[in-house]
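The chain contents come next:
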Amino acid sequence: MASVKMPQLGESITEGTISKWLKQPGDQVKKYEGLVEIITDKVNAEVPAPLSGVLKEIKVKEGATVTVGTEIAVIEETAAATPSAPKSQPAPQAATPQSATPIAAPAPAEESATEGQGGGSTEGRTRLSPAVRALIEEHRISDAELARIEGSGIGGRISKKDIEDYVTKRAQPAAANGEQRQQAASATAPALSPGTTVPLSPMRRAIASNMLKSKQTIPHAWTVAEVDMTNVVRFRQKVKDSFKQREGIDLTYVPIIVKAVVEGLKAVPILNASWSDQGVVLHKDINVGVAVSVDDGLIVPVIHQADRMSIAGLAKSTDDLAKRARAGKLGIPDVQGATFTVNNPGTFGTILSYSIIAPPQAGILAMDAIVKRPVVIEGDAIAVRSMMNLCLSFDHRVLDGVSAARFLQGVRRWLEGFSEQVPLY
Amino acid sequence: MAVKTVIEAIRDGMDEEMARDESVFLIGEDVGNRGGVFLASDGLYKKYGELRVIDSPLAESCIVGVAIGAAVNGMRPIAEIQFADFIAPAMNQIIEEAARFSYRTAGDFNLPMVIRAPWGGGVHGALYHSQSIEAMFAHVPGLKVVAPGTPADAKGLLKAAIRDPDPVLYLEHKRTYRLVKGEVPDGDGVVPIGKADVKREGKDLSLIAYGLMLTYCLEVAEKLAADGISAEVLDLRTIRPIDRAAIIATARKTGKVLVVHEDTPFAGVAAEVMAIIMENAFDALDAPVMRVTGPDVPAMPFNHVLEEAFMPNPEKILARARELAAV
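All figures in this text were calculated on a predicted structure; none of them were measured in a lab. Within every chain, residues take consecutive numbers counted from 1 along the sequence as written. By the order in which they are written, chains take letters starting at A while ligands take numbers starting at 1. Local features are withheld for residues below a pLDDT of 70 in this predicted model, meaning they are given only at 70 or higher, and side-chain atom pairs are given and counted only at 80 or more; totals for whole chains, interfaces and linings count all residues.

*Asks:* Help me understand the overall build of chain A in this model?
*Replies:* When its secondary structure is counted, chain A shows 10 helices and 19 strands. Burial in this document is a count-based property: other C-beta atoms within 10 Å of a residue's C-beta are tallied, and the residue is buried at 20 or more, exposed at 12 or fewer, or partly exposed in between, with C-beta positions derived from the backbone. For chain A, buried positions account for 28% of its 425 residues. We call two residues in contact whenever the C-beta atoms placed from their backbones are within 7 Å. Expressed as a percentage of contacts within chain A between residues at least 6 apart in sequence, the contacts between residues at least 24 apart total 63%. Per the convention used, a helix needs a DSSP run of H or I reaching at least four residues, while a strand needs a run of E reaching at least two, with both numbered from the N terminus.

Below, the structure written as structure tokens:
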């Protein structure tokens, strides 16, 4: 018997949802043959059978979400399918009746099986003394609470004293303030009529946890540059039809902005970086994530090595990624490795956006709507220009406002200086 | 109430019991005219005469054998073994005869006798004057073994032992004789056999000890308190019958237990205490039960450095207690 576990489909992915079983119990499966479809917060993937045999049991039903490593199915290896039986299996009982080992052998195997099951639960995570277990039981301390208790013992072990201290702390302020506040609230506020709870999709959960982590760990700073996009708008107007004819795709503003961002990152590499406790990691590659809104939320596919692409190449790449994102056909590499992100809320008409940085990146740039406005230009004349705000959120641990402003300035100059001389290819 | 040393408390205990009950007498090597090598019976020979304070030959088997014979005939002998190390020649009398007498006679006869034996090291006594013998005798059903650590307990337990209907091995730690002083209640002050005593209340960990180690543990508890660790000190006082309830209670209270004795570890008293805790208080434990004992070597050496290395002392106990507290 071999168990099939929920695979880790990406570095930050912690759980997956069974979308569809491609095999049913009793079915023969070949090694590498598709066994099950799994939805994670980032991508959908078909998981192949790890070995040949018969699908014995499905442990997780379609639609259910389980953490990475959870057993989802059991495959029984068939003798025909596996000519070389694994050596760890106990020998068949009939084989050597004169020796004591066949009788003794199954025992450790059973033991390790039960241990394995136990390890899957929360017990495997921390070792708790009997006294601590008893206190947890007595005071009904939840796993979540337990996770929050800092162990003062050797190796961070949670001691009896830690639990007792926690229980005292939990009892005091919560009982005193919480109740009063609740009473006060119930006295004045009318009861809320019950709403409906939308169940959390894996993507919703992932977005929630990533955003929370970002805001809790990264000191965000925010700065805005106003960019005159008139030249870009004129240029695009001029070439978009022929581009569409030639390439079969629309030339949007996104690849042009991405190109400008790449130039800006080359000039200010500190923004193409990640914070770590050991130091700021400057990335060699410039991989630009482009936020794409999908039915259920948001996904950020990545244009890898964007600095090696022309505007046309970037256009093709963004178009391809966006289409595949909406079709749910992105692969794991498509969503990993971004070093900087470009967000395009402007399509929905926003003019100032404060984006949250996707860790471990150091910045995210939001391109807001291009709007025609009267602007004072050279020679103190007033002209109607196509204006756009570029809003940069950056990790203030990694860089300061000067570098951020220099980056925005660079992007702005590149865009404002746009002309037909800028090569599309 | 008067402050006494352990040796004074023992002397007073014998004196008072001999005065109270004519059947009580003392027999041992040099206990008479000489007053005992430690002067435990100083003055008793003069007070009670040679028929009640008897100098014996240098033959432990004889001392205990005579005591058994006297006890079975209604006397209450106190047999003194000059050093606990010398008890081996009397083992046959103690284990084969004294311990089983009541059992063998289905309770028709009993032996109300006390065997006093100065035990323990730390006095530069070397191989023949330093050993701990409690585990060997505590192993024997039919014997009672007591090992007081304070003057009050020394006197109170001696009285209880003399009045007890069965043979009691009364162990007096040599190092405590003049080192440990304390208040001794006026009057009888009998301390019941089989009752441990919480000498200091605490909540973070328990130190369980007896004899000289009790004094050391109280010292350690004081130092731990300075670290903010509240240590409870349980004095076993009686090794057999051991006070299971008190051991379980303190283990349940603190969840962390350190057992201390100077005897060697293998199959020792600490091992029994630990077993009692594991069998009865496992669900209340917050750390593995630990022990500090003498090393598993044949005897306490004479070389002072090696003697120091053998003896548990406050530093060693403190280090282990801190380790336990940190688990």
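*Asks:* Explanation requested: the sheet that holds strand 2 (residues 15-21) of chain A in the structure shown.
*Replies:* Each strand in a sheet pairs with another by means of backbone hydrogen bonds, the pair being arranged parallel or else antiparallel. Residues and elements named next belong to chain A. Think of it this way: DSSP has to see at least two bridges between two strands before they count as a pair. Judged by pairing direction, the sheet is antiparallel, and its four strands sit side by side in the order 5-4-2-7 without closing on themselves. Strands at the two margins of the open sheet, each flanked by one partner only, are strand 5 (44-48) and strand 7 (65-67). Shown here is a sheet whose adjacent strand axes are inclined to one another by a mean of 40 degrees, direction ignored. Bridge analysis of strand 2 against strand 4 (residues 34-39) gives four bridges, and the strand direction is antiparallel. Each bridged residue has a counterpart across the sheet, and for Thr17 the counterpart in strand 4 is Ile39. Axis angles are defined between N-to-C directions and span 0 to 180 degrees, where every axis is a line fitted to C-alpha atoms and, for a helix, only to the segment in contact.

*Asks:* Sorry if this is basic, but what is going on with the interface of chain B and chain A here?
*Replies:* Between chain B and chain A, the residue contacts involve 10 residues of the former and 11 residues of the latter. Think of it as three bins: nonpolar holds Ala, Val, Leu, Ile, Met, Phe, Trp, Tyr, Cys and Pro, charged holds Asp, Glu, Lys and Arg, and polar takes everything else, Gly as well. A breakdown of the residues in the side of chain B that touches chain A according to their chemical character gives six nonpolar, one polar and three charged.

*Asks:* Before we go on, may I ask you to explain helix 8 (residues 253-267) of chain A in this structure?
*Replies:* For the α-helix, the turn length of 3.6 residues means that residues three or four positions removed from each other point alike. All names here are of chain A. Given a helix with a known number of residues, its expected span is that number minus one, times 1.5 Å. Across its 15 residues, helix 8 extends 21 Å between first and last C-alpha, which sits within 8% of the 21 Å expected from 1.5 Å per residue. Counting buried positions along helix 8 gives 11 out of 15 residues, so the element sits mostly inside the fold. Every buried residue of helix 8 is listed here: Val254, Pro255, Ile256, Ile257, Val258, Lys259, Ala260, Val261, Val262, Gly264 and Leu265.

*Asks:* Which parts of the structure should I look at to understand the sheet that holds strand 10 (residues 205-209) of chain B?
*Replies:* All names here are of chain B. Taken together, five strands build an open sheet; the order of strands is 9-11-10-13-14 and the sheet is mixed. Both edges of this open sheet fall to strand 9 (197-200) and strand 14 (290-292), since each of them pairs with a single strand only. Ignoring which end each strand starts from, the neighbouring axes of this sheet average 25 degrees apart. Pairing of strand 13 (residues 257-260) with strand 14, which is carried by three bridges, proceeds in the parallel orientation.

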